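Structural description and commentary
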Amino acid sequence: MQQIIKFFLRNKTFLLYFLLLFIAVVFTIQSHSYHKSKFINSANFVTGGVYNSVNNLTVYFNLESQNQLLQEENARLNSILYTPNDTINSSFRSDSIYSGVNYKFTTARVIKNSYSVKNNVLLINRGKRDSIQQDFGVITPNGILGIVDQTSNKFATVLSILNTNIKISAQLKNTNHFGSLMWDTKSPHVVQLNEISKIAPLKKGDTIVTSGRSVIFPKGIPIGTIQDFRLDVAENFYTIDVKLFNDMTDIEYVYIIENIDKSEINSLLKPNNE
């Protein structure tokens, strides 16, 4: 307390000057409309700038939560998109052999991603507690990513499309010519679609999508575009180089696809495959 009193006594002239200056400014602003309007405008400018900075800072720290909300909303929309509605005219539905199948979409975040080895695997932050199981499909907003392999309580591994151990049924978007999608390990941006009939009309830039001929992916999930194509040795089938829509080196948020009717479909198909 004594230090505070000494400070005021030591600086009494300086403090008195600023007190009188403050009083003079207040009287000037109150007695002159021009000065008053300038002061208000200046005060609004300062406070507006402060509030804007605080708001921008708040928005920045809320970006992740807002992004999560958007991801969940997109998952709900995808579930609606790929779930049949009996009120919709059947001419607007996919002609996939699994047309009418119900799908559920769950959001997830990629914790680890590899793309430079022969058999690449991703790790995501969803697992058994989220009802995630082996052989669920995984996509991004841009297209197909891979298939769930192993699951723990909180996490799951995903066999990347850049993995030589998986094959995915894919087709030309404009026709029903389909084949097996695999990776030749040469580029993380290009995969190969094999066994496409030589009578299929091909053109560089055409889109490749999932065929729907499995219980993992719905029909029509984007994969990429035709970069190049060539006939095999016997000249019966094309091998197509597909430039992926996904940048496999930059993946963060994904959707996990659950085929709700998978068990029922497999139980019907299994006797025919034995």
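Refer to the preceding data block for the structure.
Residues numbered from 1 in each chain as written. Predicted model: local features only at pLDDT ≥ 70, side-chain atom pairs only at ≥ 80, totals over all residues. Heavy atoms only, no water.

1. Looking at the side chain of Asn120
Basically, it comes down to this: Each helix is a run of DSSP H or I of at least 4 residues and each strand a run of E of at least 2, with the numbering of both proceeding from the N terminus. We call two residues in contact whenever any of their non-hydrogen atoms come within 4.5 Å of each other.
For Asn120, the location among the structural elements is in strand S2 (residues 119-124). Sequence-distant contacts of Asn120, defined by excluding residues within four places in its chain, comprise Ser114, Tyr115, Val158, Leu159, Ser160, Leu162, Asn163 and Trp183.

2. Regarding the nonpolar core
Keep this limit in mind: Note on terminology: a nonpolar core comprises buried Ala, Val, Leu, Ile, Met, Phe, Trp, Tyr and Cys residues joined through side-chain atoms within 4.5 Å. For the exposure calls, accessible area comes from a 1.4 Å probe over protein chains only, and a residue counts as buried if that area is under 20% of its type's maximum, exposed if over 50%, partly exposed in between.
Counting residues in hydrophobic clusters, the biggest one holds 46 residues, and the most contacted among them are Ile161, Leu181, Ile223 and Ile240. Looking at which element gives the most residues to this core, the answer is strand S5 (residues 156-163), with five residues. The contacts of Ile161, once residues within four sequence positions are left out, are Ile144, Leu145, Gly146, Ile166, Ile168, Leu181, Trp183, Val191, Ile223, Leu244 and Met248.

3. Comments concerning the pattern of salt bridges
The cut-off we apply is this: Note on definitions: salt bridges are taken to be side-chain nitrogens of Lys or Arg within 4 Å of carboxyl oxygens of Asp or Glu.
Taken as a whole and judged by the stated rule, the model has two salt bridges. In this structure, Arg109 and Glu252 form a salt bridge, with 2.9 Å as the shortest nitrogen-oxygen distance. Remark: Glu252 occurs in the loop between strand S11 (237-244) and strand S12 (253-259) and Arg109 occurs in strand S1 (residues 103-113); sequence separation between them is 143 residues. Residue class for Arg109 comes out partly exposed when judged on its relative accessible area of 29%. The residue Asp241 makes a salt bridge to Arg230 at a minimum N-O spacing of 3.0 Å. In this pair, Asp241 sits in strand S11 while Arg230 sits in strand S10 (residues 222-231), placing the two residues 11 residues apart along the sequence. The class of Asp241 is buried, set by a relative accessible area of 11%. Accessibility expressed as a relative area gives 37% for Arg230, which makes it partly exposed.

4. Digging into the pairing of strand S3 (residues 137-140)
So the rule is basically this: Between any two strands, at least two bridges found by DSSP are needed for them to pair.
Of the two faces of S3, both are covered, the one formed by Gly137 and Ile139 as well as the one formed by Val138 and Thr140. For S3 and strand S4 (residues 143-151), the ladder comprises four bridges, and the chain directions are antiparallel. Bridged to Ile139 within S4 is Ile144. The turn joining S3 and S4, which pair antiparallel and follow one another in sequence, is formed by two residues.

5. Focus: the pairing of S5
Across the eight residues of S5, seven count as buried, placing the element largely inside the fold. In the sheet, S2 pairs with S5 via five bridges, with the strands oriented antiparallel. Residue pairing across strands places Asn119 opposite Asn163, the latter belonging to S5. Bridge count between S4 and S5: four bridges; the pairing is antiparallel. Residue pairing across strands places Gly146 opposite Ser160, the latter belonging to S5.

6. So, the sheet that holds S5
Condition: Angles here are taken between N-to-C directions and fall from 0 to 180 degrees, while the axes themselves are lines fitted to C-alpha atoms, restricted in helices to the stretch in contact.
If you walk around this closed barrel you meet the six strands as S1-S2-S5-S4-S3-S12, and the pairing is antiparallel. Taken pair by pair, the neighbouring strands of this sheet meet at an average axis angle of 45°, ignoring direction.

7. Looking at a nonpolar patch on the surface
This is how the line gets drawn: The patches reported here contain residues having more than 30% relative accessible area and no salt bridge. Joining distances are 9 Å for like charges and 5 Å for nonpolar side chains (Val, Leu, Ile, Met, Phe, Trp, Tyr). For the accessible areas, the method is Shrake-Rupley and the probe is 1.4 Å, while residue cover comes only from the protein chains on display.
There is a patch of nonpolar side chains on the surface, built from Leu16, Leu19, Leu20, Phe22 and Ile23 and spanning about 490 Å² of accessible area. Examined against the element boundaries, Ile23 turns out to sit in helix H2 (residues 12-31).

8. Brief notes about the sheet that holds strand S6 (residues 168-172)
Pairing in this closed barrel of six strands is antiparallel, and the strands run S6-S7-S8-S11-S10-S9 around the ring. Recorded for the sheet is a direction-independent mean angle of 40° between the axes of neighbouring strands. Where strand S8 (residues 190-197) lies against S11, six bridges are found, and the strand directions are antiparallel. When the sheet's bridge partners are listed, Val190 is paired in S11 with Lys243.

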